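# Summary of the model geometry
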Amino acid sequence: MTVLISTNMYVSKDFDRVLTYVKEFDGKVGVEVFPMFHEPEYEKILQTCAPLLSKVPISFHGPYYHADYSAPYGSECYEKTMKMTEKTLEYCQNLKSKYMVFHHNNFRVSAENKQNMIENACINFRKVEKMYADCGISVVVENAGVLQNGSMLLDQNEFINLCKKEDYRVLIDIGHAHANGWDLCSVMEALKERIAAYHLHNNDGVHDSHQRISDGTLDFDSFFERAKELTPSADLVLEYNPKVARDEQGIMEDIKRIKTEMLGTVYRM
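As a starting point, this report considers the structure included with it. (Residues numbered from 1 in each chain as written. Predicted model: local features only at pLDDT ≥ 70, side-chain atom pairs only at ≥ 80, totals over all residues. Heavy atoms only, no water.)

### Looking at helix 3 (residues 76-94)
With 19 residues, helix 3 extends 28 Å from end C-alpha to end C-alpha; this agrees with the ideal 27 Å at 1.5 Å per step. For helix 3, every residue scored as buried is listed here: Cys77, Tyr78, Thr81, Met82, Met84, Thr85, Thr88, Leu89, Tyr91 and Cys92. Looking at the buried positions of helix 3, the neighbouring elements they touch are helix 2 (42-53), strand 3 (58-61), strand 4 (99-103) and helix 4 (114-133). Phi turns positive one or two residues past the end of helix 3, at lysine 96, with a value near 55°. (Helix = DSSP H or I, 4+ residues; strand = E, 2+ residues; numbered from the N terminus. Expected span 1.5 Å × (residues − 1). Buried < 20%, exposed > 50% of the residue type's maximum accessible area, 1.4 Å probe, protein only. Contact = heavy atoms within 4.5 Å.)

Here it is as structure tokens:
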């Protein structure tokens, strides 16, 4: 089990702030890199940070902005998505990423297009899986989308059944599960042998607000207990919003809490 910090909370110009945690924890905290290749300055900043990033555990999120794996083959969105996926793979290789995180969709879902989106995303997953497998990197599927904003493509049972049917390794975003009203313990139990990692953040049970783990209605004490029991080797990735990024001391406290709860490491809080 490794604790990682997602760079999801930074705009490109602030990306290097994640190195604060790399340095503070002396390489014992990793980074999940959130690709933003649509921003012209992003790649240069990522290259500047690469020497330090190469010394810690790394995972990569899949392309999110201007990207959607449910897009049909040959569409403009499909072409943009696959181009950014190839660019992400370059850096996955360079930084020896453990895996890349895959969303079946990022855009809104309607009853009319749901089935086509699922079929397209499943086809595109296999393309991405092969592309990355050829370079020795696995792809894990996240429960993406939130009911409140109309982007939940798969409900709890559909997600579980699809993961089993397609034989996916998975990343459970517990904040998404909570906002969608899922029974998180049931999801963990059903997919425990497939779970490679979790995205950790909290919310009010409706909005996907990506707050600190102590700021919301999701019971983290219960989650820690179940995670230790069911998935003790799964990575834990803090995935916070840009406002939380300003609270560096609070994030430090959250990292220490996780390490204390999950690894028995003792810190002065």
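### Describing the nonpolar core
Residues Ile172, Tyr198, Leu200 and Phe223 are the most contacted members of the largest nonpolar core, which totals 82 residues. Not counting residues up to four positions away in its chain, the partners in contact with tyrosine 198 are Leu171, Ile172, Ile174, Met188, Phe223, Thr231, Ala234, Asp235, Leu236 and Val237. Counting residues in each nonpolar core, the second largest holds eight residues, with Leu4, Val101, Val140 and Leu171 among its members. (Core = buried A, V, L, I, M, F, W, Y, C linked by side-chain atoms within 4.5 Å.)

### Looking at the pattern of salt bridges
All told, the structure shown has 20 salt bridges when counted by the stated rule. For aspartate 254, the salt bridge is made with arginine 212, and the minimal N-O distance between the two is 2.9 Å. Here aspartate 254, found in helix 9 (residues 248-263), pairs with arginine 212, found in the loop between strand 7 (195-200) and helix 8 (220-230); they are 42 residues apart in sequence, far enough to count as distant. Residue aspartate 254 shares its accessibility class with arginine 212, and that shared class is buried. (Salt bridge = Lys/Arg side-chain N within 4 Å of Asp/Glu carboxyl O.)

### Overview of the sheet that holds strand 3
Backbone hydrogen bonds hold the strands of a sheet together, and the pairing may be parallel or antiparallel. Sheet architecture is closed into a barrel: eight strands sit in the order 1-2-3-4-5-6-7-8, paired in parallel fashion. Across the sheet, the axes of successive neighbouring strands diverge by a mean angle of 30°, strand direction being ignored. Sheet topology places strand 1 (residues 3-6) next to strand 2 (residues 30-33); three bridges connect them, and they run parallel. When the sheet's bridge partners are listed, leucine 4 is paired in strand 2 with glycine 30. (Pairing = 2+ DSSP bridges. Axes fitted to C-alpha atoms, helices over the stretch in contact; angles between N-to-C directions.)

Remember, this is a structural readout, not a statement about activity or role.
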